[in-house]
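Architecture at a glance
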Amino acid sequence: MTISAIDAVTRHSGLEALPIRFQSRASRAATIARLLLLAPAILLLSLTVTMLAASNADATSAMALIAENPSAAAKATLGLIVWAALFAIPLKRAISRFAARRSVEIDATTVRVSVRGAFGQHSWEAPLSTYTGVAHHVRTSLSGTRHELILVHPQSDKTLLLSTADRISQATIDQATATLGLPEVPARTLYAGGLRAA
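A short tour of the structure in this document, coming up. Per chain, the residues get numbers from 1 upward, laid out in the order the sequence is written. Totals for whole chains, interfaces and linings use all residues, but because this is a predicted model, local features are given only for residues with pLDDT of at least 70 and pairs of side-chain atoms are given and counted only at 80 or more. Excluded from the side-chain calculation are hydrogens and water; included are all heavy atoms of the structure.

Quick notes on a nonpolar patch on the surface
Residues qualify for a patch when their relative accessible area is over 30% and they have no salt bridge, like charges being joined within 9 Å and the nonpolar side chains of Val, Leu, Ile, Met, Phe, Trp and Tyr within 5 Å. Accessible areas in this description were obtained via Shrake-Rupley with a 1.4 Å probe; residue shielding takes into account the shown protein chains only. Salt bridge, as used here, is a side-chain nitrogen of Lys or Arg placed within 4 Å of a carboxyl oxygen of Asp or Glu. On the surface, Ile32, Leu36 and Phe98 cluster together into a nonpolar patch covering about 280 Å² of accessible area. You can call Ile32 partly exposed: its relative accessible area is 41%. The rule is simple: take the accessible area with a 1.4 Å probe, protein chains only, and divide by the maximum for that residue type; under 20% is buried, over 50% is exposed, in between is partly exposed.

Considering the pattern of salt bridges
This structure, assessed with the given rule, holds five salt bridges. Residues Glu105 and Arg21 are paired through a salt bridge, measuring 3.7 Å at the closest nitrogen-oxygen approach. Residue Glu105 is found in strand S3 (residues 101-106), and its partner Arg21 is found in strand S2 (residues 20-26); the two are separated by 84 residues along the sequence. For Glu105, a relative accessible area of 26% translates into the label partly exposed. Ionic pairing is found between Arg112 and Glu125, a salt bridge with its closest N-O pair at 3.5 Å. Taken together, the residues span a long stretch of sequence, with Arg112 in strand S4 (residues 110-117) and Glu125 in strand S5 (residues 120-127) at a distance of 13 residues. Secondary structure elements are defined from DSSP: runs of H or I of at least 4 residues count as helices, runs of E of at least 2 residues count as strands, and each element is numbered from the N terminus.

What follows is the structure, encoded as structure tokens:
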């Protein structure tokens, strides 16, 4: 789950003391919009496959057609596979994002993350000392601006969104850096060296 996909961060504890516990989840409205955009294409693909299956219901005539022109049959099959993949991959991601929940616990030495989604669950840990620092990032979209407090790691998949708000004060940033024992880093570190706050 990328940082830009996260809609809400629910903290079970504040940033004033360790351990810090919170959950984050993806935006359901954006996921539903993606699914609605994919629906016509998936319906069209389903109709095409159904029509092909209905027209070739007789196995012997289908085999004769393939034997008569194997090149065209291979091209048609490859085209359907590519078309299905073009829509199946975004569909799987949208369904996974819709059900995704990330639980995070940060103590004095370790960051523990558990991610639950529609297609399974996985967990990982990282030493707190491997994190670069805390960045204040302002994300702008068509919906407006969102201030984010991000725990930055050199590996982008371990970078975590700590908090979102309409505005984040310097006092909040200072509190987070003091609690975590990490420096404040500029937001541009999210984009340095291939690391992206996606």
